[in-house]
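Here are the chains, one letter per residue:
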Amino acid sequence: STGNARQAVRVTTSLLPSPNANLAIAGFAPAIVGNSFANAISLNGGVLYGQNLNTGVAVRFDVATSSSSEIAPLAGMANCAPAGRGTSASGSVMVGSCGPPNAGRAFRYVHGSGTSAIPTLNGGTWNGAVAVSSDGTLVLATGVSSVYPTGEAYRRNATDGASDALGSANRGWKPGNVAGVPAD
């Protein structure tokens, strides 16, 4: 990086301590000039997801092909980024959020199929994706609802479309965005 600019990288521990352990995403095509980051990675490290900070668009990096592709945001939304635990084991599914915190919308991206909104809970006005299961079917999200006006967690099943409200540990707190989804 130069100055205050950030550049997405992937570090391969099998190559440490060699300088080649740091795979510069800047060499991917099309190149992302300027600020970017990667914050979600597939199980084998072959697919990374991040954001082009210049455009506010989520990006998929494919290590095998040294390619990058911007992911179309939800209609009318900007500043889209993957959740920190937001990719499936294979890297074919990614979840994230668009818009400002506590006012945006969660989305689910399937490589080769596109992006779709994750519905809010009943009475909800915003939501955000937090994590996705290893097979990409279950999404952990947070958002407001008529029952929890400051926010609660919920699970969204992409296979059957069901949303299961999980509540909140403390009605006065807004849910955070750090969590995970176990394999079972």
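Sequence positions are assigned chain by chain, starting from 1 and proceeding in written order. For this predicted model, a pLDDT threshold of at least 70 governs which residues receive local features, and a threshold of 80 or more governs which side-chain atom pairs are given and counted, while totals over whole chains, interfaces and linings are taken from all residues. For the side-chain quantities, the full set of heavy atoms in the structure was used; hydrogens and water were omitted.

**Considering the packing of aromatic side chains**
Each pair of aromatic rings taken from Phe, Tyr and Trp, with Trp reduced to its six-membered ring, is defined by centres within 6.5 Å and is described as stacked if the planes are under 30 degrees apart, edge-to-face if over 60, and tilted in the remaining cases. Evaluation of the coordinates by the stated rule reveals one aromatic pair. A centroid spacing of 6.2 Å and a plane angle of 70° characterise the contact between Tyr 49 and Tyr 109, whose relative ring orientation is edge-to-face. On the criterion of sequence distance, the pair formed by Tyr 49 in strand E4 (residues 47-52) and Tyr 109 in strand E9 (residues 105-110) is long-range, its members being 60 residues apart. Pair check on accessibility: Tyr 49 and Tyr 109 agree, each one buried. Secondary structure elements follow DSSP: runs of H or I of four or more residues count as helices, runs of E of two or more count as strands, with numbering from the N terminus. Think of it in three bands: with a 1.4 Å probe and only protein chains considered, a residue is buried below 20% of the maximum accessible area for its type, exposed above 50%, and partly exposed in between.

**A word on the state of the cysteines**
Disulfide assignment relies on a single distance test, namely cysteine sulfur atoms paired within 2.5 Å. This model, assessed by the stated rule, comprises one disulfide. For Cys 80, the disulfide goes to Cys 98, at an S-S distance of 2.0 Å. Given an S-S torsion of about 110°, the disulfide between Cys 80 and Cys 98 has right-handed geometry. With Cys 80 in strand E7 (residues 80-87) and Cys 98 in strand E8 (residues 93-98), this pair connects stretches of sequence that are 18 residues apart.

**Some points on the sheet that holds strand E6 (residues 67-70)**
Two strands make a pair as long as DSSP finds a minimum of two bridges between them. Across the sheet, which stays open at both edges, the four strands sit in the order E3-E4-E5-E6 with antiparallel pairing between neighbours. Taken across any chain shown, the strands that pair with only one partner, and hence form the sheet edges, are strand E3 (36-41) and E6. Averaged over all adjacent pairs, the angle separating strand axes in this sheet is 30°, with direction ignored. With four bridges connecting them, strand E5 (residues 57-62) and E6 associate as antiparallel partners. In the sheet register, Arg 60 faces E6, and the bridge partner there is Ser 69. Inter-axis angles, ranging from 0 to 180 degrees, are taken between N-to-C directions of lines fitted to C-alpha atoms, where helices are fitted over the stretch in contact.

**Examining the pairing of E5**
By the criterion of burial, E5 is predominantly enclosed, with six of the six residues buried. Residues Val 57, Val 59 and Phe 61 point to one face of E5 and Ala 58, Arg 60 and Asp 62 to the other, with burial holding for every one of them. Here E4 hands over to E5 after four residues, with Gly 56 in that stretch at a positive phi of 75°. Where E5 hands over to E6, the hairpin turn is made up of four residues, of which Ser 66 adopts a positive phi near 50°.

**Section: the environment of Asn 122**
When you line up the elements, Asn 122 lands in the loop between strand E10 (114-117) and strand E11 (127-132). Residues Asn 122 and Ala 165, 43 residues apart in the sequence, show an inter-C-alpha distance of 9.7 Å. If near-sequence neighbours (up to four positions away) are discounted, Asn 122 is found in contact with Ser 145 and Ser 146. Here a residue-residue contact requires only that any non-hydrogen atoms of the pair lie within 4.5 Å.

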